[in-house]
Structures are given as C-alpha cells and as structure tokens.
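# Notes for the structure review
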Amino acid sequence: MILILEPNTDPDSDAYRQLMNFLEQLPNIQTRTHRVVGAEQTLTEIYLIGNTSALAVDEMSTLPTVERVVRISEEYRIIGRHHDNERSLEFTYKGVTFSQHELHVFAGLCAVDTPKHVEMMMQALQEHGQVCTRMGAYKPRTSPYAFQGHGKSCLPYVFELAGKYGIRVIAMEVTHENHVREIHEALDQTGHPTGVMLQIGTRNTQNFELLKAVGRQSEMPVLLKRGFGITLEESLNAAEYLASEGNSRIVFGLRGMKTNMGDPHRNFVDFAHVPVVKRLSRLPVCIDPSHSVGSRDRAPDRLLDAMHVTAQGVIAGANMVLVDFHPVPEKALVDGPQALRLDELALFLQDVQIAREAYLNRVALMREHTAEP
C-alpha cells in the first residue's frame, strides 16, 4: 500500500508527525518514505511494507496529510504505475526536468578522448541550444585489450568545459561504486559547474551490488540501460533495486537486444517497448539509437538508419535520446563507425523535432476520441 501525501508536505509539521506516529503503531508494518522533487512541488510517498490487506483504503485516506491511497497489486512497488495514471516520477535536476512528458537529447562522445574533442562537442551543443550531453570516462569493453576510458583523470576538464558551455547534465557510465566517489570528488574539485546522470550500462544491469550502491546515493539521478540478453521484466526489477535503496530518480534506457535476428544492425532494436515501459512503470524512457544500430548505414531515402530508428522511438513517446557524436569519428577511441558528425547535429535535432511533433499530434488526436486524459 502507498500513501500519497499532499504536495509540499512539510516533514517537520505536526500533521506529518501525527501521521508517522500512527503508522509506527501498526502491527507488522514497516514504512519507507520516498520524496520526489519536481520543478514546482515536492511529492512524498510512504510505502507500507508487510501485511496491509487488513488496512482499509477509505480509512487510510482520512489520515493527516494523506491525499490518496494506492493499493499495490503487482510488482515494481516503487517504480510501478499500479493502474494509477495520476502518479508521477517527475524530477528536476540542475534545472532540467525529466518525466514521461518531456524529451531531451543527450548527444556527445561515447568515450572521452581529448580535451579538444570534448570542447568541440560542447561548443557545438551550445550553438544548437542543447544543455545535455553524454561523456564516457569509464568504458567496460568486451575485450580486455580495448580502450577502457581515461577514468577519473579526464573528469576535471570534462566538468570545467561543461560549465564553460552551459551544459547542465552529463550522462556518464559507472562500473564500480568507486567511480561514483571519484565523480563526487571531481565535481567538488571543480565547484559543481555541471551535473552528472550516472549510467548503469547493459553489462551491469544485474550487478546488484552496484545497483544498491548507486541507489543509496540520492544526489545524482540514474540512467539504467536494459540488459541486452535478459527480459524486460528482469531489467525493470533492476530499476526497482535502485528505487528500493532510496533513489527513484531513474530513467529507463532501451538500447537494443543482443541477437543475430537484428542483423545487419548491431542489436535488435527494441524501441517498440517505449510505450510498454511507460505503461508498466512511471519512469521516463530513453532510447539509444547508436548502440542499437551500430553503423552509419544509409537507406535509399538518404536517411541514416540511426535517424530512422531515433524517429521510431521518439514517435512512440521516448523522453530522452542518447546518441553518439564525434568531431572526428575516424579518430574516436570507441565506437567511431557509429558516431554521427558535428555537421549532422542540426539535421539530427530537426529530424527529432519532426518526430516529436508527430507524437504530440498523435496524442492530441487520441484524446479527442477517447474519454481518458
């Protein structure tokens, strides 16, 4: 059972204390509190864990500060929608709002290589009005001899350049809890000129100790990529691991499934699951066309496969696009063959906007013909 409190409930208020005192007296019931800070208000949800079948929804709804009660009847206790379309996991980080209604493009380097290339990328983003990027410092690779990323040594100049060019959020993969500490230290060292969205890559989707460690920190939001060889349910349970540790500021990433049925693409594109994830959970959904397609192949209509796939995800309602760009793809240390060029950035963003407008038009059309909001 979930108690959804009135917006902006003060945890120091008498009414809140009365509520918590009452809940503490319930036999065999534990409570867990989650607060989500949005752009305009803070939402508080209290999860009642234990045998709640004897608790009446009507009676619980009359408790101080309680706005409404949701009976949980399926998995994903925290991230799940539970047939309640009004609940939101919207959160704002560094002035950027993430929800199932927004769309942000995170274009950037799959792997940081040189300060010059980082600056060229961020300058191009600023010129096109973008405030988010991707920058890989830690790179898990299939081969032990492949480039593993510059690690903590590149963090200071990446963060300083982000501040210089107005980049507010950087999506950055971590593979060990020490990386979280190193990112914290580098942000402190540089004066927090930007923010970091910690990324859990597909190889670590079921690294449960890493999930717990990242979930225990609440400062930075998390982008969790779907495991490329496991079910959607298993990957959503990985997101629940993060939320159960206290950090529900999560974006769920689709990046393609590992199967030769996807040939000639690098992975079998799974972007049809965008609306499925939004139906099963309250999480914003990210698509990763670069790691799905894995090439710069172009269709007869002259559109890149990566652009076609991006449009398919966006027109299905994606809330974030994670895409590889590089000033000189031929010199990229990781995934150069799939990176788009800086002179293609404007075209890519325009194409995304076309798909986004088509999605919004589809939603408006359906609202005109249905009673549901």
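Please read these numbers as outputs of a predicted model, since none were measured by experiment.

## A few points about the pattern of salt bridges
Overall, the coordinates contain 13 salt bridges when judged by the stated rule. Here Arg68 ties to Glu67 by a salt bridge, and the two come within 3.2 Å at their closest N and O atoms. Salt-bridge contacts for Arg226 lead to Asp270; the nearest nitrogen and oxygen are separated by 3.4 Å. Taken together, the residues span a long stretch of sequence, with Arg226 in the loop between β11 (222-225) and α7 (232-244) and Asp270 in the loop between β12 (250-254) and α8 (274-280) at a distance of 44 residues. The two residues Arg226 and Asp270 agree in class, both being buried.

## Comments concerning the sheet that holds strand β1 (residues 2-5)
Taken together, the four strands give an open sheet; going across it, the order is β2-β3-β1-β4, and neighbouring strands pair in antiparallel fashion. Of all strands in the sheet, those with a lone pairing partner are β2 (29-37) and β4 (66-70), marking the two edges. Strand-to-strand twist of the sheet, defined as the mean angle between neighbouring strand axes without regard to direction, takes the value 20 degrees. Two elements, β2 and strand β3 (residues 42-50), share nine bridges in a ladder whose sense is antiparallel. Paired with Thr31 across the two strands is Leu48, which belongs to β3.

## Re the packing of aromatic side chains
Enumeration over the complete set of coordinates arrives at four aromatic pairs. Through pairs of rings, three or more aromatic residues link up here, namely Phe91, Phe98 and Phe106. Directly above the ring of Phe228 sits Lys258, whose terminal nitrogen or CZ lies 5.1 Å from the centroid.

## So, the environment of Leu3
As for its placement among the helices and strands, Leu3 is situated in strand β1. According to the relative accessible area criterion, Leu3 is buried, its value standing at 0%. Sequence separation of Leu3 and Leu48 is 45 residues, and the distance between their C-alpha atoms is 7.8 Å. When near neighbours in sequence (up to four residues on either side) are disregarded, Leu3 contacts Leu19, Leu23, Thr44, Glu45, Ile46, Leu48, Met60, Val66, Arg68 and Val69.

## Topic: unusual backbone geometry
In this chain, Asp263 is followed by Pro264 through a cis amide linkage whose omega measures 10 degrees. The topology assignment puts Pro264 in the loop between β12 and α8. Located in the positive-phi region is Arg302, a residue other than glycine, with phi close to 80 degrees. Structurally, Arg302 is set in the loop between α9 (289-293) and α10 (305-315).

Conventions adopted
- Residues numbered from 1 in each chain as written.
- Predicted model: local features only at pLDDT ≥ 70, side-chain atom pairs only at ≥ 80, totals over all residues.
- Heavy atoms only, no water.
- Salt bridge = Lys/Arg side-chain N within 4 Å of Asp/Glu carboxyl O.
- Helix = DSSP H or I, 4+ residues; strand = E, 2+ residues; numbered from the N terminus.
- Buried < 20%, exposed > 50% of the residue type's maximum accessible area, 1.4 Å probe, protein only.
- Pairing = 2+ DSSP bridges.
- Axes fitted to C-alpha atoms, helices over the stretch in contact; angles between N-to-C directions.
- Phe/Tyr/Trp six-rings, centres within 6.5 Å; stacked < 30°, edge-to-face > 60°.
- Lys NZ or Arg CZ within 6 Å of the ring centre and 35° of its normal.
- Contact = heavy atoms within 4.5 Å.

Honestly, that's just the spatial picture; any functional story needs more than this.
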